[in-house]
Amino acid sequence: MPRPLRWLATSPLAAAAAAFVVAGGIAWYLVQLEDSAFQARQANRVMAHLAAVRSDIEREMNLDLTPLYAFEALILAKPQVDDAEFQRVSAALTHNLPVIREIQLSPGVVRHVYPATDAARVLGMDLRTLPGQKEIVEQTIRDGVLRVAGPVHLVQGGMALIARNPIYLGLNGKRRFWGFVTVLLDYPAFLHSISGLADDPDVEVALRGKDSLGADGRVFFGDPALFADPRAVAEV
């Protein structure tokens, strides 16, 4: 029986400090496996598909991370944010962004949660005490760089990608850490928003880079074997 030919490609994606790696493969049963022109056409097809997946991920992440930067600007201008203002701004920022599951402000511990119906289980929580999250939270504080953790199981239930933006107040070497603005992205909804993950039944796609580790992170979607062949690589 003819063996399946699989072409693979990887593509690191950086969204702020979050790095995903995208791999794709296409399985074809060939009689003439040595047809290099055919193989080249299929490799081009996979690369075009991965470019579309990468573009979808970039678009979705850019949209869904908008509240992180909006609240950073608000906090720098007004560090004491009251809950009524937080709820009002959050509602405006998340309009027509269904992948965003929750927004948190954490000056020390979690003080504000949108939507308010999610607040009971997380208000007062110190992010550094979350199971499996202490290292990435502390690294984010040290580096001062936005990072995306996950996908993780939430104490509220379900799975999410967690984007945290560390906020610092002050200038000229006198900066102090204020806390985090956090956006939780519903993981199944995020995958559903990336049309290229499912719109071509002949092309397989995998994602890795759990907890912002890029090529060093674990595969969190698809077949890990798709990363075995480095012949086609594209970086963003």
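Residues numbered from 1 in each chain as written. Predicted model: local features only at pLDDT ≥ 70, side-chain atom pairs only at ≥ 80, totals over all residues. Heavy atoms only, no water.

S.K.: Would you mind going over unusual backbone geometry with me for this structure?
M.R.: Backbone torsion omega between tyrosine 114 and proline 115 reads 0°, so that peptide bond is classified as cis. By secondary structure assignment, the location of proline 115 is in the loop between strand 5 (112-114) and helix 4 (134-143). The residue asparagine 96 is not glycine, and still its phi comes out positive at about 65°. Following the sequence through the fold, asparagine 96 ends up in the loop between helix 3 (83-93) and strand 4 (100-106). (Helix = DSSP H or I, 4+ residues; strand = E, 2+ residues; numbered from the N terminus.)

S.K.: Explain the pattern of salt bridges to me, please; I cannot follow it from the model alone.
M.R.: Opposite charge on two side chains lets them pair, provided their charged atoms get close. For the structure on display, the rule yields five salt bridges. Between glutamate 60 and arginine 59 there is a salt bridge whose closest N-O contact spans 3.2 Å. Overall, glutamate 60 belongs to the buried group, its relative accessible area being 7%. Here lysine 78 ties to glutamate 85 by a salt bridge, and the two come within 2.9 Å at their closest N and O atoms. (Salt bridge = Lys/Arg side-chain N within 4 Å of Asp/Glu carboxyl O. Buried < 20%, exposed > 50% of the residue type's maximum accessible area, 1.4 Å probe, protein only.)

S.K.: Teacher, can you tell me more about the nonpolar core here?
M.R.: In summary, soluble globular proteins display a tendency toward joint burial of nonpolar side chains. If you look at the biggest cluster of nonpolar residues, it comprises 35 residues, and the most contacted ones within it are Ile75, Leu105 and Phe190. Counting only elements with at least two residues in this core, the list comes to helix 1 (36-64), helix 2 (66-77), strand 4, strand 7 (159-169), strand 8 (176-186), helix 5 (187-193) and strand 9 (203-208). Per-element tally for this core: the top contributor is helix 1, with five residues. If you look at the next biggest cluster of nonpolar residues, it comprises 18 residues, including Met125, Val152, Ile162 and Phe180. (Core = buried A, V, L, I, M, F, W, Y, C linked by side-chain atoms within 4.5 Å.)

S.K.: What is the right way to read the pairing of strand 7 from this model?
M.R.: Looking along a regular strand, one sees side chains alternate from face to face of the sheet. The buried fraction of strand 7 is high, at ten of eleven residues. Bridge count between strand 6 (residues 147-153) and strand 7: five bridges; the pairing is antiparallel. Its bridge partner lying in strand 7, histidine 153 is registered against methionine 159. Following strand 6, the chain reverses through five residues before pairing antiparallel with strand 7; glycine 157 in that reversal takes a positive phi of roughly 100°. Sheet topology places strand 7 next to strand 8; ten bridges connect them, and they run antiparallel. From the neighbouring strand, isoleucine 162 faces strand 8, where its bridge partner is leucine 184. (Pairing = 2+ DSSP bridges.)

S.K.: Explanation requested: the pairing of strand 4 in the structure shown.
M.R.: When you tally the buried positions in strand 4, you get six out of seven residues, the bulk of the element. Judged from the six bridges that link them, strand 4 and strand 8 form a sheet pairing that is antiparallel. Looking at strand 8, one finds that isoleucine 103 is bridged to valine 183. Strand direction decides the pairing type here: strand 4 and strand 5, joined by three bridges, are antiparallel. From the neighbouring strand, glutamine 104 faces strand 5, where its bridge partner is valine 113. The hairpin turn running from strand 4 into strand 5, its antiparallel successor, is five residues long, and glycine 108 in that turn takes a positive phi close to 100°.

S.K.: What am I meant to see in the confidence of the model for the protein chain here?
M.R.: Fine structural detail should not be taken from predicted coordinates in areas where pLDDT scores are low. Confidence along the protein chain averages 76 in pLDDT terms, with 68% of residues attaining 70 or more. Note on residues 1-19: pLDDT is under 50 here. Beyond four places in sequence and across chains, it has 85 contacts. The model gives residues 232-236 a pLDDT under 50, and that stretch makes 17 contacts with residues more than four places away or in other chains. (pLDDT = per-residue confidence, 0-100. Contact = heavy atoms within 4.5 Å.)

S.K.: Please explain helix 3 as it appears in this structure.
M.R.: An α-helix turns once every 3.6 residues. As a result, residues three or four positions apart point the same way. All of the buried residues in helix 3 are Glu85, Phe86, Gln87 and Ser90. Where helix 3 is buried, its residues contact helix 2, strand 4 and strand 5. The N-cap residue of helix 3 is aspartate 82: its side-chain oxygen and the backbone nitrogen of alanine 84 are 3.1 Å apart. (Polar contact = N/O pair within 3.5 Å; in protein donor to acceptor, adjacent residues only side chain to side chain.)

S.K.: Just to check I follow, could you spell out the environment of tryptophan 178 for this structure?
M.R.: Following the sequence through the fold, tryptophan 178 ends up in strand 8. On the accessibility criterion, tryptophan 178 (10% relative accessible area) is buried. Note: C-alpha distance between tryptophan 178 and tyrosine 168 (ten residues apart in sequence) is 5.3 Å. Filtering out sequence-adjacent residues up to four positions away, tryptophan 178 remains in contact with Ile75, Pro79, Leu105, Ser106, Pro107, Gly108, Ile167, Tyr168 and Leu169. Among the polar contacts made by the side chain of tryptophan 178, one reaches the main-chain carbonyl oxygen of proline 79 at a distance of 3.5 Å.

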